[in-house]
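Structure assessment
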Amino acid sequence: MMRLLYLVLLMSILPNFGFAAVDNPWSLMPMPKEIQAKEGKFRILRSFTVNLKGPEERLNPQATRFLRRLDDRTGLFFEQHFLRTDSQVSEASLQVEVQKAGVLKLGVDESYRLSVAPEGIRLTAPTDIGALRGMETLLQLVQVDENGYYFPAVEINDAPRFPWRGLMMDPSRHFMPVDVLKRNLNAMASAKLNVLHLHLSDNQGFRIESKVLPALHEKGSDGEYYTQQQIREVIAYAGELGIRVMPEFDVPGHATAILMAYPEIGSAPAGYEYKMEVNAGVFDPTLDPTNEKTYELLEKLFAEMASLFPDEYFHIGGDENKGLHWKENPRIQQFMKKNKLKDNHELQLYFSTRISKMVKRLGKHMVGWDEIYTPELPKETLVHGWRNWQGMDMYQAAKKGYKMIVSSGYYIDLMKRAESHYLNDPLGDKPLKPSAEANIMGGEATMWSELVTARTVDSRIWPRTAAIAERFWSPKHIRDVDDMYRRMDLFSMALEIDGILHIHSKEAIMRKLCR
Ligand code: ACM
């Protein structure tokens with residue numbers, strides 16, 4: 001009876017068992033660019049070994065991690081313990097060959113080729129990052145039959161459709177400790193996502209230690225923030241997985257936490273008392289774009305953070321500024337008149353243009369939500385599209401030659417079904433000219449966390465973000481919703497094996513509610 005139960009259980013969690021016939025025989029997510037089934041199976045035995053040829057730094061620990069994860073899935077207790085590129089296991093089951101270490105920046109080559117034959121497996125890639133993507137694919141290929149575990153014979157040639165495939169996390173609204181980031185980075189790597197965007201400041205918290213302006217984290221948070229050492233650790237951890245980490249400091253709106261520390265650079269009329277927000281909403285506290293001190297302070301902060309975060313891209317927010325305090329402040333109104341700035345929009349563009357020069361001086365590309373867009377911005381600016389309602393043309397920047405990433409349609413905080421995100425293409429539903437299309441670098445799922453805590457965040461992100469990850473990685477024509485759900489369920493269970501708590505936490509929360 002137990003044996004039967006075990007088999008039924010196995011068949012329900014392992015690929016290609018217990019499902020109605022579908023056209024797609026594979027359980028991969030995201031689906032690769034090209035895949036061709038071959039005859040036969042490669043049996044996974046205790047003697048399974050991996051051999052590496054190529055740069056060691058990322059490859060050795062990650063191939064060892066692959067071996068441990070495969071071991072964990074099969075329970076075989078492999079004889080090979082850990083890997084070194086110089087250990088040269090001749091006749092290894094899996095031969096990994098990499099030409100060079102990938103430099104972690106936008107557009108790095110993430111392609112790979114994977115060939116599984118009954119005699120052995122070969123994974124080749126121009127960069128170690130491509131090899132990591134291939135190892136994730138190989139892990140998803142594990143299957144079981146009456147004789148045990150195996151990889152089906154297959155030829156895969158894979159590369160991403162878009163180079164920017166991100167997840168934004170929002171530790172400002174509810175703090176997300178380092179272990180939450182790390183386990184989500186693992187899950188991102190499984191889904192072949194390659195950018196973690198951290199929304200580090202907002203009305204509800206400034207969440208990173210500033211050594212130059214310590215009042216920011218001291219007065220702008222409840223004591224929960226990342227130390228610089230922790231952030232270095234997160235960046236290094238992400239880097240091993242081939243994932244970039246981009247910080248965001250949201251200005252000039254969404255700025256209460258900054259103004260708790262430096263009210264003198266705020267726009268509110270005299271006597272206004274800034275108060276930290278705890279709930280969701282769009283609030284009025286806004287930096288004063290007419291005050292030179294604002295730029296001096298931001299330059300100090302951005303210089304510190306630009307050297308802490310090695311990524312070439314630096315997000316300055318720029319969204320949802322209603323400018324109410326600008327309207328109420330006679331000094332700001334006078335400045336606008338003097339400088340012929342006819343409305344708040346023009347004042348915000350004045351601010352974005354100055355900030356963009358500052359970010360450029362720091363050697364970074366500025367990124368901002370699409371409100372920052374003006375055709376006067378330096379061409380290296382990246383516009384982050386999120387508004388496409390009320391006739392808004394989110395793609396206007398791409399049409400004018402600016403690079404863009406897209407989050408419209410990928411707001412996972414809205415609790416929509418995975419298919420609504422899945423069927424939403426980053427290129428939109430109206431044809432763009434090829435020159436504008438080429439400016440769309442990809443997109444990001446956004447996990448706004450006003451209503452999400454460290455305990456619930458995994459279940460908001462996963463497994464739906466796997467559907468978005470497939471949209472960013474796989475060819476455009478892969479869009480069968482039933483098949484996506486079939487594969488997403490399997491992906492969801494694999495996430496749990498790797499430590500994501502989306503299923504587990506639900507039980508704990510239910511128990512808490514029923515106490
Ligand atoms: C945003 O959702 N305010 C970018």
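The preceding data block contains the structure.
Let us look at the structure shown here.

Criteria and cut-off values
Residues numbered from 1 in each chain as written. Predicted model: local features only at pLDDT ≥ 70, side-chain atom pairs only at ≥ 80, totals over all residues. Heavy atoms only, no water. Helix = DSSP H or I, 4+ residues; strand = E, 2+ residues; numbered from the N terminus. Buried < 20%, exposed > 50% of the residue type's maximum accessible area, 1.4 Å probe, protein only. Contact = heavy atoms within 4.5 Å. Pairing = 2+ DSSP bridges. Expected span 1.5 Å × (residues − 1). Polar contact = N/O pair within 3.5 Å; in protein donor to acceptor, adjacent residues only side chain to side chain. Salt bridge = Lys/Arg side-chain N within 4 Å of Asp/Glu carboxyl O. Phe/Tyr/Trp six-rings, centres within 6.5 Å; stacked < 30°, edge-to-face > 60°. Lys NZ or Arg CZ within 6 Å of the ring centre and 35° of its normal. Axes fitted to C-alpha atoms, helices over the stretch in contact; angles between N-to-C directions. Parallel < 35°, antiparallel > 145°, perpendicular 65-115°, else oblique. Nonpolar A, V, L, I, M, F, W, Y, C, P; charged D, E, K, R; others polar.

Position of Leu123 relative to the elements: it lies in strand S5 (residues 120-127). Of the residues examined, Leu123 reaches a relative accessible area of 0% and is grouped as buried. Between the C-alpha atoms of Leu123 and Val98, which are 25 residues apart in sequence, the distance is 8.4 Å. Setting aside anything within four residues of it in sequence, one finds Leu123 in contact with Leu94, Gln95, Val96, Glu97, Tyr112, Arg113, Leu114, Ala131, Gly134 and Met135.

Of all 8 residues in strand S16 (residues 440-447), 8 are buried, a share of seventy percent or more. Where strand S8 (residues 164-169) lies against S16, 6 bridges are found, and the strand directions are parallel. Paired with Arg165 across the two strands is Gly443, which belongs to S16. Where strand S15 (residues 403-406) and S16 come together, 3 bridges link them in parallel fashion. If you follow Met404 over to S16, its bridge partner there is Ile440.

Turning our eyes to something else, we now look at helix H8 (residues 292-308). Note on helix geometry: an α-helix contains 3.6 residues per turn, so any two residues three or four positions apart are oriented the same way. For H8, with 17 residues, the first-to-last C-alpha span of 25 Å sits near the 24 Å given by 1.5 Å per residue. All of the buried residues along H8 are Thr294, Tyr295, Leu297, Leu298, Leu301, Phe302, Glu304, Met305, Ala306 and Leu308. The inward-facing, buried residues of H8 contact strand S10 (205-206), helix H5 (215-219), helix H6 (228-240), strand S11 (244-251), strand S12 (313-317) and helix H11 (344-361). Its side-chain oxygen 2.9 Å from the backbone nitrogen of Lys293, Asn291 forms the N-cap of H8.

With an omega of 5 degrees, the peptide bond between Val251 and Pro252 qualifies as cis. Looking at the secondary structure, you find Pro252 in the loop between S11 and helix H7 (256-261). With an omega of 0 degrees, the peptide bond running from Trp462 to Pro463 counts as cis. Position of Pro463 relative to the elements: it lies in the loop between helix H15 (457-461) and helix H16 (464-473). One non-glycine residue with positive phi stands out, namely His254, at about 50 degrees. Here His254 lies in the loop between S11 and H7. His254 sits in the buried class, given a relative accessible area of 4%. With a phi angle near 55 degrees, Lys340 is a residue other than glycine that sits in the positive phi range. Here Lys340 is to be found in the loop between helix H10 (330-338) and H11.

For the rest of this paragraph, the subject is the pattern of salt bridges. Counted according to the given criterion, the structure contains 34 salt bridges. In this structure, Asp498 and Arg73 form a salt bridge, with 3.3 Å as the shortest nitrogen-oxygen distance. Taken together, the residues Asp498 in the loop between helix H17 (481-497) and helix H18 (504-514) and Arg73 in helix H2 (residues 56-74) connect sequence positions 425 residues apart. By relative accessible area, Arg73 is classed as buried at 18%. Bridged by salt links that share partners, the residues Arg69, Arg73, Glu136 and Asp498 form one connected network.

Moving on to the side chain of Asn194. Mapped onto the elements, Asn194 comes out in the loop between helix H4 (178-190) and strand S9 (195-202). Residue class for Asn194 comes out buried when judged on its relative accessible area of 5%. At 2.9 Å, the side chain of Asn194 forms a polar contact with the backbone oxygen of Pro163.

With that out of the way, let us pick up the packing of aromatic side chains. Counting across every chain of the model gives 18 aromatic pairs. Every member of this aromatic cluster is reached through a ring pair, and the members are Phe42, Phe48, Phe78 and Phe151. Lys192 extends its terminal NZ or CZ atom over the ring of Trp473, reaching a point 5.8 Å from the ring centre.

So, about the packing of H10 against H11. Put simply, H10 and H11 touch, their axes get as near as 11 Å, and they point 85 degrees apart. Here H11 runs roughly perpendicular to H10, going by the angle between their axes. Where H10 approaches H11, its residues Ile332, Phe335 and Met336 are matched on the opposing element by Asn344, Leu347 and Tyr350. Broken down by class, the residue content of the contact of H10 with H11 amounts to 5 nonpolar, 1 polar and no charged.

In this structure, Thr465 sits in helix H16. There is a polar contact of 2.7 Å between the side chain of Thr465 and the backbone oxygen of Ile461. Once residues within four sequence positions are removed from consideration, Thr465 is found in contact with Leu193, Ile412 and Ala445.

As far as function goes, none of this settles anything; it's purely spatial.
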